[in-house]
Amino acid sequence: MRAIFQTLLTLLILAGPARAGKVTCAESTSSFVISNGSLSAKIDKRSARVTSVVLDGQELLGGEAGYWSMAASSSSRIQVTGFGGSESQMLTIDPKTNNGARAEVACKFHGKGVDGAYPGSSEVRYSIARESTTLYVCAILRHGEKDPPFHIGEGRFVIKMDPAIFDHLSIDKDRDRLMPTGKDWDQGSPLNLKEARRMTTGICDGQAEHKYGYSAILGDVPAYGWSGTKRNYGAWMINPSIEYIAGGPTKMELTAHLDVGNGGAPTMLNMWHGSHYAGTVLSLAADEKWSKVIGPFAIHFNHGAEPAKLWEQARNQAAIERKAWPYPWMRDASYPAVSERGAIVGKIIIDEKSSPLGRVHVGLVAPEYSSGGMRGPRENIGWQRDGKFYQYWTVAADDGSFSLPAVRPGNYELHAFADGVLGEFVKPDVVIAAGVQQKADEIHWLPPRAGPTLWEIGIPDRSAAEFHNGDRYWNWGNYLKYKTDFPNGVDYVVGKSDWKKDWNICQPLDLTADCEVLGSSTWTVRFPLDSIPPGGAHLRVSFCGSREGSTLTFLLNGSQLGTTLALPENGAMHRDSHRGMWFEKAVEVPAARLKTGENVLQFRLSGRAWHQGVLYDYLRLEAVAGLAPAL
């Protein structure tokens, strides 16, 4: 029986280009093969790995595979790397019952934690539709009574492609390029990160290559992936929704890159939960009842054109997938149909005239909650770090109107933030009911302000991309380039300096070219005052990146004004990003500390490790309308 099955699969692979038609499912004791004549995928039953993808007769994986992976734990000493071995497998959508419209297969697991597998029940599904070249991928995680504790740092689906076919990577308009080969990667010279090497051969000779150089906000890259300049095939990751993506619409994560192991295989990831760029949190206590559906997301395959055209086709497919969400064919108690979901529409008016408004994000998120225990002290988790619950976000229209459809029923908080506005709006206790579209009262958001602006640096958009080197933030080693660009440190003069040129994307410690820490670093802002505000001033500093244990001390006119104490973990600088978790620090400036003429404000960064640094989003000094408290 197995020999016959393998023969049929070989004939399918060797067959010439075929029109995508009705779906079939061939099953052996060890595998499923779902196919529509044009696209086929082979699934290993025991591991739920995708071991083969064939498009019009061409094998695309070349011995590589697609698989689910975790960096997680079930206690302080038990590591969890995946779902383990499947207990049962089944055909959950039989194409014989729908005239070949769709097939879906499922592999079910129940790990114990101590066996290195997710400590709860889980299910991995794959699906193909008629006349389609898209493979749909989904995982359903459940946890409940008698299940051990669980904490995850990274959760991802990984698929590695045949390097003989795929050589061109497309993430966004700035990162769309022919890539080094696997041989180039293997022969590269190591840099300060295990994921970074300087190429010594090939088309990128002399350039630094690293996987963080392709990180992006998943909601901002509708289709990303690999294509071939010689064989004209494409493979693209598409998320039709980010409701299951941890960290919301500002969370940076890995997308695609050369595999950092030997061979440098073309790799795509769907990082539904990530430890990078502040990291997201998903911790479950023993016996805690919980479930989450990851996906279904789409891996779209195409061929017959140059990379630019293949990528354009993939982005068009992404628009189709978003419009189809939630998928009507996906059936599970944890995945409510569109008729079982609710919606909210409304309008938000922002009463802030000091800066031009950009995008206004509006979202429904879980209320802030406390998490911790197994992997450290308890902490409050807001939407930027939440990976436990679902999130729903949209960008409001120019007049402030917004619509959030297909929301799972539940109790949420409504949050809003805008490019050009400092702060965040929060409306608690928003209840979404199944089958109901509710209309919210018109929202008027008055961002907090102590008084008129005395000066500002940057744009409040939760990003450092507007500063020096921010237009190429993904280049390796901006923290090392800083010392060449600013040999005397940043010395910014309000009214004369230009933050696009005179304020760096990151403030590192004083480093050597080999990342040895020589000491702290100090940035200076010089600002004139014709008169002293009677109520003093209020300094607002918003950050979009920091490293655990870093400390920033504020000094005014030679003496200490305040300190941030230890800053939170973001990991944005050394991973070459323009943003991590956003947060704000405020410092009151008594009138007695100011003087007419030039004032000198300094930011002194302290730390011990080379990767301890900060990224600033925006700085603003406001005159206080009332009296400021004395320090």
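The structure contained in this document is the topic of the report that follows. (Residues numbered from 1 in each chain as written. Predicted model: local features only at pLDDT ≥ 70, side-chain atom pairs only at ≥ 80, totals over all residues. Heavy atoms only, no water.)

### Quick notes on the overall build of the protein
Helix and strand counts for the protein come out as five helices and 46 strands. Over its C-alpha atoms the protein spans a radius of gyration of 26 Å, differing by no more than 12% from the 25 Å that the globule rule assigns to 631 residues. Expressed as lengths along the three principal axes of its C-alpha atoms, the size of the protein is roughly 90 × 60 × 50 Å. The buried share among the 631 residues of the protein stands at 58%. When contacts within the protein are restricted to residue pairs at least 6 apart in sequence, those whose partners lie at least 24 apart make up 72%. Working note: accessible area of the protein is about 25,200 Å², and carbon and sulfur atoms make up 51% of it. (Helix = DSSP H or I, 4+ residues; strand = E, 2+ residues; numbered from the N terminus. Rg over C-alpha atoms; globule rule 2.2 N^0.38 Å. Buried < 20%, exposed > 50% of the residue type's maximum accessible area, 1.4 Å probe, protein only. Contact = heavy atoms within 4.5 Å. Areas by Shrake-Rupley, 256 points an atom, 1.4 Å probe, with all protein chains shown as cover.)

### A look at the sheet that holds strand β27 (residues 360-365)
Pairing between sheet strands relies on hydrogen bonds along the backbone, with the strands arranged either parallel or antiparallel. With respect to topology, four strands assemble into an open sheet ordered β30-β27-β32-β33, the strand pairing being antiparallel. Edge strands, defined here as strands with exactly one partner in the open sheet, are β30 (392-395) and β33 (425-432). Strand-to-strand, the axes of this sheet are offset by a mean angle of 20 degrees, without reference to chain direction. As defined by bridge partners, strand β32 (residues 410-418) adjoins β33 across six bridges and the pair is classed as antiparallel. When the sheet's bridge partners are listed, Y412 is paired in β33 with V430. (Pairing = 2+ DSSP bridges. Axes fitted to C-alpha atoms, helices over the stretch in contact; angles between N-to-C directions.)

### Remarks on the sheet that holds strand β15 (residues 189-190)
Read across the sheet, three strands follow the order β15-β16-β17 without closing on themselves; strand pairing throughout is antiparallel. Here the strands that pair on one side only, and so sit at the sheet edges, are β15 and β17 (208-210). Note that β15 and strand β16 (residues 196-198) share two bridges and pair antiparallel. Within β16, the residue paired with P190 across the bridge is R197.

### With respect to the pairing of strand β13 (residues 168-172)
Across the five residues of β13, five count as buried, placing the element largely inside the fold. Sheet topology places β13 next to strand β14 (residues 175-178); four bridges connect them, and they run antiparallel. Note that in β14 the partner of H168 across the bridge is L178. Here β13 hands over to β14 after two residues, the two strands then running antiparallel side by side. Bridge count between β13 and strand β19 (residues 224-227): three bridges; the pairing is antiparallel. The residue of β19 that forms the bridge with H168 is S227.

### So, helix α3 (residues 307-324)
Along its 18 residues, α3 runs 26 Å from first to last C-alpha, staying within 8% of the 26 Å computed at 1.5 Å per residue. The complete set of buried residues in α3 reads P307, L310, W311, A314, Q317, A318 and E321. Considered in projection along α3, the buried side chains sweep an arc of 115 degrees and stay on one side of the axis. Relative to its buried face, α3 has exposed residues pointing more than 90 degrees away, namely I320 and K323. Next to the buried residues of α3 lie β11 (134-143), β13, β14, β19, β20 (233-238) and β25 (290-303). (Expected span 1.5 Å × (residues − 1). Arc of directions from axis to C-beta.)

### Details of the side chain of S86
As for its placement among the helices and strands, S86 is situated in the loop between β7 (79-80) and β8 (88-93). On the accessibility criterion, S86 (3% relative accessible area) is buried. Here the side chain of S86 touches S88 through a polar contact of 2.9 Å, landing on its backbone oxygen. For S86, the side chain forms a polar contact with the main-chain oxygen of K108, separated by 3.0 Å. If we skip the residues at most four places from it in the chain, S86 touches K45, R46, C107, K108 and F109. (Polar contact = N/O pair within 3.5 Å; in protein donor to acceptor, adjacent residues only side chain to side chain.)

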